[in-house]
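What follows is each chain in one-letter form.
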Amino acid sequence: MRAAYQLDDTDRRLLTILQRGLPFVSRPYLEIARELSAELSAESLEELSAESSTEPSTEPSQGILPAAGREGFAGSVEITEGEVLERIAALKEAGVIRRLSGFFDSGRLGYVSALCAARVRPEDLKQAAAFVNGYAGVTHNYVREHTYNMWFTLIARDIRERERILDEIEGCPWVEQVLRFYTRSRYKIQVAFDLEHRADGQGRR
Amino acid sequence: MLSEKEIRIVGALQKELPLEPEPYRALAKELSMTEEELLAGMKALAEKGCLKRIAAALRHNNVGYTINSMIVWDVPEGRVDEAGRALARQPQVTHCYDRNRQPGFDYNLYSMVHARSEEEYGELLGELIEVVRPVKYEELRTVAELKKTGMRYFPSKVEEEFFRL
(Lines give C-alpha, C1' and ligand atoms only; values in the text may rest on other atoms or scores of the structure.)
Protein backbone atom coordinates (compact mmCIF):
# COMPACT_ATOMS: atom_id res chain seq x y z
CA MET A 1 0.00 0.00 0.00
CA ARG A 2 1.25 3.44 -0.89
CA ALA A 3 1.74 6.02 1.80
CA ALA A 4 -1.08 8.55 2.05
CA TYR A 5 -0.61 11.28 -0.54
CA GLN A 6 -0.23 14.71 0.99
CA LEU A 7 -3.16 16.75 -0.27
CA ASP A 8 -2.94 20.52 -0.07
CA ASP A 9 -5.91 22.84 0.27
CA THR A 10 -6.18 23.30 -3.49
CA ASP A 11 -6.20 19.52 -4.05
CA ARG A 12 -8.98 19.09 -1.51
CA ARG A 13 -11.16 21.71 -3.14
CA LEU A 14 -10.39 20.33 -6.57
CA LEU A 15 -11.37 16.81 -5.44
CA THR A 16 -14.62 18.09 -4.01
CA ILE A 17 -15.48 19.70 -7.33
CA LEU A 18 -14.37 16.64 -9.32
CA GLN A 19 -16.43 14.29 -7.16
CA ARG A 20 -19.57 16.38 -7.64
CA GLY A 21 -19.05 16.31 -11.37
CA LEU A 22 -17.62 18.13 -14.34
CA PRO A 23 -19.75 20.56 -16.33
CA PHE A 24 -20.95 19.46 -19.75
CA VAL A 25 -19.14 22.22 -21.59
CA SER A 26 -16.39 22.36 -24.16
CA ARG A 27 -13.65 23.26 -21.66
CA PRO A 28 -14.66 21.75 -18.32
CA TYR A 29 -11.19 22.01 -16.79
CA LEU A 30 -11.10 25.73 -17.54
CA GLU A 31 -14.43 26.19 -15.79
CA ILE A 32 -13.11 24.26 -12.78
CA ALA A 33 -9.97 26.41 -12.75
CA ARG A 34 -12.14 29.53 -12.58
CA GLU A 35 -14.28 28.08 -9.79
CA LEU A 36 -11.17 27.11 -7.82
CA SER A 37 -9.59 30.52 -8.35
CA ALA A 38 -12.73 32.25 -7.10
CA GLU A 39 -12.92 30.04 -3.98
CA LEU A 40 -9.26 30.39 -3.12
CA SER A 41 -9.25 34.14 -3.73
CA ALA A 42 -12.23 34.56 -1.43
CA GLU A 43 -10.49 32.60 1.31
CA SER A 44 -7.18 34.38 0.76
CA LEU A 45 -8.89 37.76 1.08
CA GLU A 46 -10.57 36.66 4.30
CA GLU A 47 -7.24 35.60 5.73
CA LEU A 48 -5.56 38.80 4.65
CA SER A 49 -8.19 40.97 6.25
CA ALA A 50 -7.98 38.85 9.40
CA GLU A 51 -4.21 39.28 9.42
CA SER A 52 -4.22 42.99 8.73
CA SER A 53 -6.63 43.63 11.57
CA THR A 54 -4.12 42.21 14.05
CA GLU A 55 -0.79 42.75 12.31
CA PRO A 56 -0.89 45.63 9.90
CA SER A 57 2.68 45.31 8.58
CA THR A 58 2.68 41.87 6.87
CA GLU A 59 3.56 41.55 3.23
CA PRO A 60 0.34 41.28 1.27
CA SER A 61 1.37 38.56 -1.19
CA GLN A 62 1.67 35.80 1.45
CA GLY A 63 -1.34 33.83 0.32
CA ILE A 64 -2.30 30.41 1.60
CA LEU A 65 -0.48 28.75 -1.26
CA PRO A 66 3.09 28.88 -2.47
CA ALA A 67 3.08 31.77 -4.89
CA ALA A 68 4.77 29.83 -7.70
CA GLY A 69 3.76 31.30 -11.01
CA ARG A 70 0.90 33.28 -9.59
CA GLU A 71 0.35 36.93 -10.06
CA GLY A 72 -2.24 39.54 -9.40
CA PHE A 73 -3.14 41.81 -6.58
CA ALA A 74 -3.06 40.80 -2.96
CA GLY A 75 -5.65 38.15 -2.22
CA SER A 76 -6.25 37.04 -5.78
CA VAL A 77 -5.26 33.45 -6.51
CA GLU A 78 -5.13 32.36 -10.11
CA ILE A 79 -5.32 28.65 -10.91
CA THR A 80 -4.92 27.93 -14.60
CA GLU A 81 -6.55 25.26 -16.71
CA GLY A 82 -3.08 23.77 -17.16
CA GLU A 83 -2.56 23.52 -13.41
CA VAL A 84 -5.93 21.80 -12.97
CA LEU A 85 -4.91 19.24 -15.60
CA GLU A 86 -1.51 18.75 -13.94
CA ARG A 87 -3.03 18.30 -10.50
CA ILE A 88 -5.56 15.76 -11.78
CA ALA A 89 -2.78 13.82 -13.50
CA ALA A 90 -0.75 13.81 -10.25
CA LEU A 91 -3.74 12.72 -8.16
CA LYS A 92 -4.40 9.86 -10.57
CA GLU A 93 -0.74 8.88 -10.54
CA ALA A 94 -0.77 8.86 -6.72
CA GLY A 95 -3.85 6.64 -6.71
CA VAL A 96 -6.05 9.21 -4.96
CA ILE A 97 -8.34 9.39 -7.99
CA ARG A 98 -9.36 5.88 -8.99
CA ARG A 99 -11.16 6.93 -12.12
CA LEU A 100 -12.50 10.02 -13.86
CA SER A 101 -15.39 9.04 -16.08
CA GLY A 102 -19.14 8.73 -16.39
CA PHE A 103 -21.34 7.50 -13.55
CA PHE A 104 -24.55 5.82 -14.59
CA ASP A 105 -27.75 4.68 -12.95
CA SER A 106 -27.61 0.98 -13.75
CA GLY A 107 -31.39 0.62 -13.29
CA ARG A 108 -32.14 3.41 -15.75
CA LEU A 109 -29.85 1.74 -18.27
CA GLY A 110 -32.00 -1.35 -17.89
CA TYR A 111 -29.58 -3.34 -15.74
CA VAL A 112 -30.38 -5.13 -12.46
CA SER A 113 -28.17 -5.60 -9.42
CA ALA A 114 -27.73 -7.45 -6.13
CA LEU A 115 -25.55 -7.41 -3.05
CA CYS A 116 -24.34 -10.93 -2.32
CA ALA A 117 -22.81 -12.60 0.70
CA ALA A 118 -20.81 -15.76 0.18
CA ARG A 119 -19.68 -18.20 2.82
CA VAL A 120 -16.18 -19.37 1.90
CA ARG A 121 -13.71 -21.53 3.83
CA PRO A 122 -10.69 -19.32 4.59
CA GLU A 123 -8.36 -21.64 2.66
CA ASP A 124 -10.57 -21.31 -0.43
CA LEU A 125 -10.79 -17.51 -0.43
CA LYS A 126 -8.18 -16.98 -3.11
CA GLN A 127 -9.80 -19.33 -5.60
CA ALA A 128 -13.30 -18.15 -4.74
CA ALA A 129 -12.23 -14.55 -5.32
CA ALA A 130 -10.65 -15.40 -8.66
CA PHE A 131 -13.82 -17.17 -9.76
CA VAL A 132 -16.22 -14.47 -8.59
CA ASN A 133 -14.09 -11.56 -9.85
CA GLY A 134 -13.95 -13.19 -13.27
CA TYR A 135 -17.50 -12.01 -13.93
CA ALA A 136 -17.56 -8.61 -15.60
CA GLY A 137 -20.69 -7.67 -13.64
CA VAL A 138 -18.99 -8.13 -10.25
CA THR A 139 -17.94 -4.53 -9.61
CA HIS A 140 -17.06 -4.64 -5.89
CA ASN A 141 -15.81 -7.53 -3.80
CA TYR A 142 -14.62 -7.42 -0.19
CA VAL A 143 -13.50 -9.81 2.51
CA ARG A 144 -15.38 -9.01 5.72
CA GLU A 145 -15.16 -10.27 9.29
CA HIS A 146 -18.14 -12.62 9.38
CA THR A 147 -19.33 -16.18 8.73
CA TYR A 148 -20.42 -14.74 5.40
CA ASN A 149 -16.95 -13.52 4.65
CA MET A 150 -17.03 -12.50 1.00
CA TRP A 151 -19.38 -9.69 -0.06
CA PHE A 152 -19.76 -8.62 -3.64
CA THR A 153 -22.05 -6.56 -5.83
CA LEU A 154 -23.29 -7.88 -9.14
CA ILE A 155 -24.78 -5.92 -12.02
CA ALA A 156 -26.40 -7.90 -14.84
CA ARG A 157 -28.41 -7.22 -17.98
CA ASP A 158 -31.56 -8.82 -16.62
CA ILE A 159 -32.88 -10.87 -13.73
CA ARG A 160 -32.34 -14.14 -15.52
CA GLU A 161 -28.67 -13.37 -16.17
CA ARG A 162 -28.20 -12.20 -12.57
CA GLU A 163 -29.68 -15.36 -11.06
CA ARG A 164 -27.82 -17.58 -13.53
CA ILE A 165 -24.49 -16.02 -12.51
CA LEU A 166 -25.30 -16.35 -8.81
CA ASP A 167 -26.27 -20.00 -9.29
CA GLU A 168 -22.94 -20.57 -11.05
CA ILE A 169 -21.06 -18.92 -8.19
CA GLU A 170 -22.97 -20.94 -5.62
CA GLY A 171 -22.22 -24.06 -7.62
CA CYS A 172 -18.47 -23.51 -7.85
CA PRO A 173 -16.33 -25.73 -5.60
CA TRP A 174 -14.93 -22.90 -3.43
CA VAL A 175 -18.18 -21.26 -2.36
CA GLU A 176 -20.47 -22.91 0.19
CA GLN A 177 -23.47 -20.62 0.01
CA VAL A 178 -24.55 -17.29 -1.48
CA LEU A 179 -27.14 -15.01 0.11
CA ARG A 180 -28.82 -12.58 -2.28
CA PHE A 181 -29.97 -9.15 -1.21
CA TYR A 182 -31.95 -6.86 -3.44
CA THR A 183 -32.59 -3.17 -3.04
CA ARG A 184 -36.02 -2.17 -1.75
CA SER A 185 -35.17 1.50 -1.09
CA ARG A 186 -32.07 3.55 -1.62
CA TYR A 187 -31.55 6.25 0.98
CA LYS A 188 -28.10 7.37 0.01
CA ILE A 189 -25.27 6.98 -2.43
CA GLN A 190 -22.79 9.63 -1.50
CA VAL A 191 -21.46 11.62 -4.39
CA ALA A 192 -18.50 13.28 -2.73
CA PHE A 193 -16.12 12.24 -0.02
CA ASP A 194 -15.71 15.14 2.37
CA LEU A 195 -12.04 16.08 2.34
CA GLU A 196 -12.42 19.68 3.42
CA HIS A 197 -14.20 19.27 6.72
CA ARG A 198 -13.36 17.62 9.99
CA ALA A 199 -14.78 14.20 10.73
CA ASP A 200 -17.44 15.68 12.99
CA GLY A 201 -18.61 17.89 10.14
CA GLN A 202 -17.89 21.06 12.11
CA GLY A 203 -16.01 23.55 9.98
CA ARG A 204 -12.79 23.36 8.03
CA ARG A 205 -9.66 21.75 9.26
CA MET B 1 -34.90 2.37 -24.40
CA LEU B 2 -31.66 3.98 -25.46
CA SER B 3 -30.90 4.71 -29.08
CA GLU B 4 -27.90 3.16 -30.77
CA LYS B 5 -26.22 6.56 -30.63
CA GLU B 6 -26.89 6.91 -26.90
CA ILE B 7 -25.45 3.48 -26.27
CA ARG B 8 -22.29 4.52 -28.08
CA ILE B 9 -22.10 7.67 -25.96
CA VAL B 10 -22.51 5.64 -22.76
CA GLY B 11 -19.70 3.40 -23.98
CA ALA B 12 -17.36 6.32 -24.59
CA LEU B 13 -18.10 8.02 -21.27
CA GLN B 14 -17.11 4.90 -19.36
CA LYS B 15 -13.53 5.38 -20.45
CA GLU B 16 -11.22 7.76 -18.64
CA LEU B 17 -12.06 11.32 -19.61
CA PRO B 18 -9.11 12.63 -21.66
CA LEU B 19 -6.85 14.99 -19.71
CA GLU B 20 -6.71 17.70 -22.31
CA PRO B 21 -8.39 21.10 -22.57
CA GLU B 22 -11.23 19.88 -24.80
CA PRO B 23 -11.92 16.32 -23.60
CA TYR B 24 -15.37 16.04 -25.15
CA ARG B 25 -14.06 17.07 -28.54
CA ALA B 26 -11.57 14.20 -28.32
CA LEU B 27 -14.30 11.73 -27.34
CA ALA B 28 -16.62 13.01 -30.05
CA LYS B 29 -13.92 12.46 -32.64
CA GLU B 30 -13.64 8.81 -31.59
CA LEU B 31 -17.41 8.51 -31.92
CA SER B 32 -17.39 10.20 -35.34
CA MET B 33 -19.76 12.88 -34.15
CA THR B 34 -19.38 16.55 -33.39
CA GLU B 35 -18.64 17.87 -29.93
CA GLU B 36 -22.04 19.60 -29.95
CA GLU B 37 -23.80 16.31 -30.72
CA LEU B 38 -21.95 14.58 -27.89
CA LEU B 39 -22.72 17.31 -25.35
CA ALA B 40 -26.38 17.34 -26.40
CA GLY B 41 -26.49 13.54 -26.09
CA MET B 42 -24.94 13.73 -22.61
CA LYS B 43 -27.51 16.29 -21.50
CA ALA B 44 -30.33 14.10 -22.83
CA LEU B 45 -28.94 11.05 -20.99
CA ALA B 46 -28.64 13.11 -17.80
CA GLU B 47 -32.24 14.30 -18.13
CA LYS B 48 -33.41 10.69 -18.42
CA GLY B 49 -31.49 9.88 -15.24
CA CYS B 50 -29.19 7.44 -17.06
CA LEU B 51 -26.03 9.53 -16.75
CA LYS B 52 -25.60 10.74 -13.18
CA ARG B 53 -22.41 12.73 -13.71
CA ILE B 54 -18.91 12.79 -15.14
CA ALA B 55 -16.81 12.69 -12.01
CA ALA B 56 -13.87 11.39 -10.05
CA ALA B 57 -14.05 8.29 -7.87
CA LEU B 58 -11.48 8.30 -5.07
CA ARG B 59 -9.65 5.57 -3.24
CA HIS B 60 -10.82 6.00 0.34
CA ASN B 61 -7.67 4.52 1.81
CA ASN B 62 -5.53 7.03 -0.01
CA VAL B 63 -7.33 10.00 1.43
CA GLY B 64 -7.05 8.84 5.03
CA TYR B 65 -10.24 6.81 5.49
CA THR B 66 -8.61 3.62 6.70
CA ILE B 67 -11.59 2.13 8.52
CA ASN B 68 -14.36 0.94 6.25
CA SER B 69 -17.22 -0.95 7.75
CA MET B 70 -20.56 -2.26 6.60
CA ILE B 71 -23.00 -1.92 9.47
CA VAL B 72 -26.23 -3.85 9.09
CA TRP B 73 -29.28 -3.09 11.19
CA ASP B 74 -32.41 -4.95 12.14
CA VAL B 75 -35.06 -2.25 12.32
CA PRO B 76 -38.82 -2.85 12.67
CA GLU B 77 -40.34 -2.56 9.18
CA GLY B 78 -42.53 0.36 10.22
CA ARG B 79 -39.48 2.43 11.16
CA VAL B 80 -37.10 1.50 8.37
CA ASP B 81 -37.71 4.65 6.29
CA GLU B 82 -37.17 6.92 9.26
CA ALA B 83 -33.98 5.10 10.28
CA GLY B 84 -32.71 5.00 6.69
CA ARG B 85 -33.16 8.71 6.24
CA ALA B 86 -31.50 9.42 9.58
CA LEU B 87 -28.47 7.33 8.56
CA ALA B 88 -28.34 9.09 5.21
CA ARG B 89 -27.95 12.44 6.95
CA GLN B 90 -24.67 11.34 8.57
CA PRO B 91 -21.71 12.53 6.50
CA GLN B 92 -19.60 9.44 7.20
CA VAL B 93 -22.33 7.13 5.91
CA THR B 94 -21.75 6.89 2.17
CA HIS B 95 -24.30 4.25 1.21
CA CYS B 96 -27.58 3.29 2.82
CA TYR B 97 -30.10 0.76 1.51
CA ASP B 98 -33.21 -1.10 2.62
CA ARG B 99 -32.87 -4.73 1.54
CA ASN B 100 -34.70 -8.01 1.96
CA ARG B 101 -33.90 -10.12 5.01
CA GLN B 102 -32.53 -13.64 4.52
CA PRO B 103 -32.63 -16.70 6.74
CA GLY B 104 -29.28 -16.61 8.53
CA PHE B 105 -28.91 -12.89 8.00
CA ASP B 106 -31.84 -11.12 9.58
CA TYR B 107 -31.13 -7.46 8.80
CA ASN B 108 -32.97 -5.00 6.62
CA LEU B 109 -30.95 -1.79 6.69
CA TYR B 110 -27.44 -1.60 5.23
CA SER B 111 -24.96 1.24 5.69
CA MET B 112 -21.37 1.76 4.58
CA VAL B 113 -19.38 3.77 7.08
CA HIS B 114 -15.90 5.28 6.77
CA ALA B 115 -13.64 6.68 9.47
CA ARG B 116 -10.10 7.91 9.83
CA SER B 117 -9.34 6.38 13.23
CA GLU B 118 -10.66 3.83 15.72
CA GLU B 119 -11.66 6.67 18.01
CA GLU B 120 -13.64 8.42 15.31
CA TYR B 121 -15.26 5.14 14.31
CA GLY B 122 -16.23 4.28 17.89
CA GLU B 123 -17.85 7.66 18.44
CA LEU B 124 -19.65 7.45 15.14
CA LEU B 125 -21.01 3.99 15.87
CA GLY B 126 -22.37 5.25 19.19
CA GLU B 127 -24.16 8.10 17.45
CA LEU B 128 -25.57 5.83 14.76
CA ILE B 129 -26.97 3.40 17.33
CA GLU B 130 -28.78 6.29 19.01
CA VAL B 131 -30.21 7.48 15.74
CA VAL B 132 -31.26 4.07 14.38
CA ARG B 133 -32.44 2.43 17.64
CA PRO B 134 -32.10 -1.06 16.13
CA VAL B 135 -33.41 -4.34 17.49
CA LYS B 136 -29.89 -5.59 16.77
CA TYR B 137 -26.98 -4.72 14.54
CA GLU B 138 -23.68 -6.15 13.31
CA GLU B 139 -20.46 -4.55 12.11
CA LEU B 140 -18.73 -6.20 9.18
CA ARG B 141 -15.35 -4.58 8.89
CA THR B 142 -13.66 -4.54 5.52
CA VAL B 143 -10.64 -6.82 5.78
CA ALA B 144 -9.54 -6.75 2.16
CA GLU B 145 -10.66 -5.26 -1.11
CA LEU B 146 -10.72 -7.98 -3.77
CA LYS B 147 -12.22 -5.96 -6.59
CA LYS B 148 -13.44 -2.46 -7.17
CA THR B 149 -14.19 -1.31 -10.65
CA GLY B 150 -16.73 0.61 -12.66
CA MET B 151 -19.31 -1.41 -14.53
CA ARG B 152 -18.75 -1.84 -18.25
CA TYR B 153 -22.23 -1.27 -19.68
CA PHE B 154 -23.07 -2.31 -23.22
CA PRO B 155 -19.80 -4.05 -24.06
CA SER B 156 -18.96 -4.46 -27.72
CA LYS B 157 -19.04 -7.88 -29.35
CA VAL B 158 -15.25 -8.02 -29.23
CA GLU B 159 -15.17 -7.12 -25.54
CA GLU B 160 -17.81 -9.72 -24.77
CA GLU B 161 -15.43 -12.41 -25.95
CA PHE B 162 -13.01 -11.44 -23.21
CA PHE B 163 -15.58 -10.99 -20.46
CA ARG B 164 -17.24 -13.73 -18.50
CA LEU B 165 -20.88 -12.71 -18.45
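How each quantity is defined
Residues numbered from 1 in each chain as written. Chains lettered and ligands numbered in written order. Predicted model: local features only at pLDDT ≥ 70, side-chain atom pairs only at ≥ 80, totals over all residues. Heavy atoms only, no water. Helix = DSSP H or I, 4+ residues; strand = E, 2+ residues; numbered from the N terminus. Rg over C-alpha atoms; globule rule 2.2 N^0.38 Å. Buried < 20%, exposed > 50% of the residue type's maximum accessible area, 1.4 Å probe, protein only. Contact = heavy atoms within 4.5 Å. Areas by Shrake-Rupley, 256 points an atom, 1.4 Å probe, with all protein chains shown as cover. Patch = residues over 30% accessible without salt bridge, like charges linked within 9 Å, V, L, I, M, F, W, Y side chains within 5 Å. Salt bridge = Lys/Arg side-chain N within 4 Å of Asp/Glu carboxyl O. Lys, Arg positive; Asp, Glu negative; His and termini not counted. Charge placed at Lys NZ, Arg CZ, Asp CG, Glu CD.

Participant: What exactly am I supposed to notice about the overall build of chain B here?
Facilitator: The number of helices and strands found in chain B is six helices and five strands. Reading the helices (α) and strands (β) of chain B from amino to carboxyl end gives α-α-α-β-β-α-β-β-α-β-α. Here the C-alpha radius of gyration of chain B, 21 Å, is well above what a compact globule of 165 residues would show, namely 15 Å. Based on the C-alpha atoms only, the size of chain B along its principal axes is roughly 55 × 35 × 30 Å. The buried share among the 165 residues of chain B stands at 51%. For chain B, long-range pairs separated by at least 24 residues make up 63% of all intrachain contacts whose partners lie at least 6 apart in sequence. When the accessible area of chain B is evaluated, it comes to approximately 7800 Å², of which 53% is carbon and sulfur surface.

Participant: How do you make sense of a negative patch on the surface when you look at a structure like this?
Facilitator: On the surface, Glu 119, Glu 123, Glu 127 and Glu 130 of chain B cluster together to form a negatively charged patch. Within the secondary structure, Glu 123 of chain B sits in helix 5 (residues 118-132).

Participant: Quick question: what am I supposed to make of the pattern of salt bridges here?
Facilitator: Any two side chains of opposite charge can pair if their charged atoms end up close together. Under the counting rule described, the total for this entry stands at 35 salt bridges over all chains. Between Arg 180 of chain A and Asp 167 of chain A there is a salt bridge, and its shortest N-O distance comes to 2.7 Å. One end of the pair, Arg 180 of chain A, is in strand 5 (residues 177-181); the other, Asp 167 of chain A, is in helix 5 (residues 159-171), with 13 residues separating them in the sequence. When its relative accessible area of 12% is taken as the criterion, Arg 180 of chain A is described as buried. Using a relative accessible area of 46% as the deciding quantity, one classes Asp 167 of chain A as partly exposed. One continuous salt-bridge network, built from bridges that share partners, spans Arg 184 of chain A together with Asp 74, Glu 77, Asp 98, Arg 101, Asp 106 and Lys 136 of chain B.

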